[in-house]
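# Descriptive analysis of the structure
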Amino acid sequence: MHDGATVIDSSVIIEYLDEIAPQPATSRRKLRRSEQQCRALMRFIDEMPAGAVRVPTFNLAFLPRFAAMSEEEFVAFAESKPLRKEFNVE
């Protein structure tokens, strides 16, 4: 939480902190390399491993349970769970 805004995504938090608390130019040069490395790592995690494990994990962990449900049971189950939009308080 910052000034009433909720930020829950790690890569967005990194950029948000950079925007609200910029460093002086001399400190900035020292931090630039670590910031770039951090952002590169966040992008890698967002784009590479998450996509590679999403489907196999879903198939192993959730598909058998969902496949055994009727459509009505599945819809009721899905509607009972919070969505990401409910975590984004404005």
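Residues numbered from 1 in each chain as written. Predicted model: local features only at pLDDT ≥ 70, side-chain atom pairs only at ≥ 80, totals over all residues. Heavy atoms only, no water.

## Side note on the overall build of the protein
Formally: Strands are runs of DSSP state E lasting at least 2 residues, helices are runs of H or I lasting at least 4, and numbering of each runs from the N terminus. Accessibility here uses a 1.4 Å probe with only protein chains present; expressed as a share of the type maximum, an area under 20% marks a residue as buried, one over 50% as exposed, and anything in between as partly exposed. Between two residues, a contact is recorded if the distance between any of their heavy atoms is within 4.5 Å. The method behind every accessible area is Shrake-Rupley, applied with a 1.4 Å probe, and residues are considered shielded solely by the protein chains displayed.
Regarding its fold elements, the protein presents 5 helices and 0 strands. Going from the N terminus to the C terminus, the protein shows its helices and strands as α-α-α-α-α. For the protein, the residues scored as buried account for 8% of the 90 residues in total. Taking all contacts inside the protein whose residues are at least 6 apart in sequence as the whole, residues at least 24 apart take part in 52%. For the protein, the accessible area works out to roughly 7500 Å², and carbon and sulfur atoms hold 61% of it.

## Some thoughts on the packing of aromatic side chains
The relation between two aromatic rings is expressed through the spacing of the ring centres and the mutual angle of the planes. Here is the rule: Here is the rule: rings of Phe, Tyr and Trp (six-membered ring for Trp) pair when centre to centre is within 6.5 Å. Planes less than 30 degrees apart are stacked, more than 60 are edge-to-face, and the remainder are tilted.
One pass over the structure, following the stated rule, counts 5 aromatic pairs. Taken together, a centroid distance of 6.1 Å and an interplanar angle of 15 degrees make the contact between F62 and F66 stacked. Ring geometry for F66 versus F74: centroids 5.3 Å apart, planes at 75 degrees, classification edge-to-face. With relative accessibility at 35%, the residue F74 sits in the partly exposed group. Among the aromatic side chains, those forming a connected cluster through ring pairs are F58, F62, F66, F74 and F77.

## A few points about the confidence of the model for the protein
Heads up, the rule is: A score from 0 to 100, pLDDT tells how confident the predictor is in each residue.
Per-residue confidence for the protein gives a mean pLDDT of 76; residues scoring 70 or more make up 78%. Least confident of the elements in the protein is helix α2 (residues 25–47), whose mean pLDDT is 71; most confident is helix α4 (residues 63–67), at 90.

## As for a nonpolar patch on the surface
Rule in force here: A residue counts toward a patch only above 30% relative accessible area and without a salt bridge, and it is joined to like-charged neighbours within 9 Å or, for Val, Leu, Ile, Met, Phe, Trp and Tyr, to nonpolar neighbours within 5 Å. The salt bridge criterion pairs a side-chain nitrogen of Lys or Arg with a carboxyl oxygen of Asp or Glu, the two atoms within 4 Å.
On the surface, L41, F44, I45 and M48 cluster together into a nonpolar patch covering about 390 Å² of accessible area. For F44, the position within the fold is in helix α2.

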